[in-house]
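Structural characterization, general
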Amino acid sequence: REVRRARRLGAARTVCVLSRPQRNARAAEQRLGAVEARRMQELAGALLPGQLDESLSAYKALHARLERLVVLLPDAREEGLEPSGAKADRGERLHELGVLARGDSSALDLATLHGKVVLAINVASRDVVSKQMYTRLKGLVERFGESGFEILAFPSDFYGEKELCMNEQIRAFVEETCGGVLPSLHLMDRALRLDENPVMQLAQRCLPGAVAWNFDGQYLFDRNGLPVVRCSLKSSEHELHDAIEAALRA
């Protein structure tokens, strides 16, 4: 019908007929893009003056890479578009995910986090909010570290290529920003991609929703190793404090 209609209109164009799977994939991609666009608009309220233009322009440059996001929309999954690289089973706990490499070449056995409240977050060193967010993380460690709270910080340059190239550089930046080493903040290996990260995969399966930018993926795990709260760049510091306190009391 489209070909005949084009001929009737005299349009010199090529008509591409999509199969049902192709149409589903395209529709899912369009929905994902729309949700991400709305997400960036929401994040505008969390940015400081002068930060919005830079963040939005960087986001637009990354639009073509959205398909690499770990989590697709729930309706996209129903259409058969499962996240790539997903390995963790829905029943797994944080402390059952094995051993991950830290940025200082040491290894962290996640089993040692059993019984602790853990915040997993995607970080970057050169974003406009990097110093502000690391200062916030330092405050969390100082306030809750002795009560059984720890942080897993996952460096990534996926969003706007805002991360430094070497683990040593990242560690130096964090130590300078935080005024030294924070024992309860585990700075993980930069080589661990977000879409291959079992911690983030588990968190995003239990708490679906796309991560729109650096520091936007904030997942709180309870003492049993289950993700219980999702926060974002838009969340206030008080909201995160309340969530951590509730998890520590449970």
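Cut-off values and rules
Residues numbered from 1 in each chain as written. Predicted model: local features only at pLDDT ≥ 70, side-chain atom pairs only at ≥ 80, totals over all residues. Heavy atoms only, no water. Axes fitted to C-alpha atoms, helices over the stretch in contact; angles between N-to-C directions. Helix = DSSP H or I, 4+ residues; strand = E, 2+ residues; numbered from the N terminus. Parallel < 35°, antiparallel > 145°, perpendicular 65-115°, else oblique. Left-handed = near helix turned anticlockwise from the far one by under 90°. Contact = heavy atoms within 4.5 Å. Nonpolar A, V, L, I, M, F, W, Y, C, P; charged D, E, K, R; others polar. Buried < 20%, exposed > 50% of the residue type's maximum accessible area, 1.4 Å probe, protein only. Right-handed = clockwise from strand over helix to strand, strands pointing away. Pairing = 2+ DSSP bridges. Polar contact = N/O pair within 3.5 Å; in protein donor to acceptor, adjacent residues only side chain to side chain.

Time to look at the packing of helix α5 (residues 130–144) against helix α6 (residues 167–178). One can describe the packing of α5 onto α6 by two numbers: an axis separation of 9 Å at closest approach and a directional angle of 70 degrees. The angle between α5 and α6 falls in the class roughly perpendicular. In terms of crossing hand, the pair formed by α5 and α6 is right-handed. Residue-level contacts link Ser-130, Lys-131, Tyr-134, Thr-135 and Lys-138 of α5 to Phe-173, Val-174, Thr-177 and Cys-178 of α6. Looking at side-chain class alone, the contact of α5 with α6 contains four nonpolar, three polar and two charged residues.

As a packed pair, α5 and helix α8 (residues 237–249) sit with axes 12 Å apart at the nearest point and diverge in direction by 30 degrees. Judged on the interaxial angle alone, α8 and α5 are roughly parallel. Considering how the two elements wind past one another, α5 and α8 form a crossing that is right-handed. Taken together, the residues of α8 that come into contact with α5 (itself represented by Arg-136, Leu-140, Arg-143 and Phe-144) are Glu-237, Leu-240, His-241, Ile-244, Glu-245 and Leu-248. Its residues placed into classes, the contact of α5 with α8 shows five nonpolar, one polar and four charged.

This part takes up the pairing of strand β3 (residues 117–123). Across the seven residues of β3, seven count as buried, placing the element largely inside the fold. Along β3, one buried face is formed by Val-117, Leu-119, Ile-121 and Val-123 and the opposite face, lined by Val-118, Ala-120 and Asn-122, is buried too. Handedness of the β3-α5-strand β4 (residues 149–155) crossover: right-handed. Both β3 and strand β6 (residues 218–221) contribute to a ladder of four bridges, which runs antiparallel. Across the sheet, the residue bridging to Leu-119 is Leu-220, located in β6.

Let us now look at helix α7 (residues 198–206). Among the nine residues that make up α7, seven are buried, leaving the element largely enclosed by the rest of the structure. Along α7, the positions that sit buried rather than exposed are Pro-198, Val-199, Met-200, Gln-201, Leu-202, Ala-203 and Gln-204. Backbone nitrogen of Val-199 and a side-chain oxygen of the N-cap are separated by 2.9 Å at the start of α7; the cap is Asn-197.

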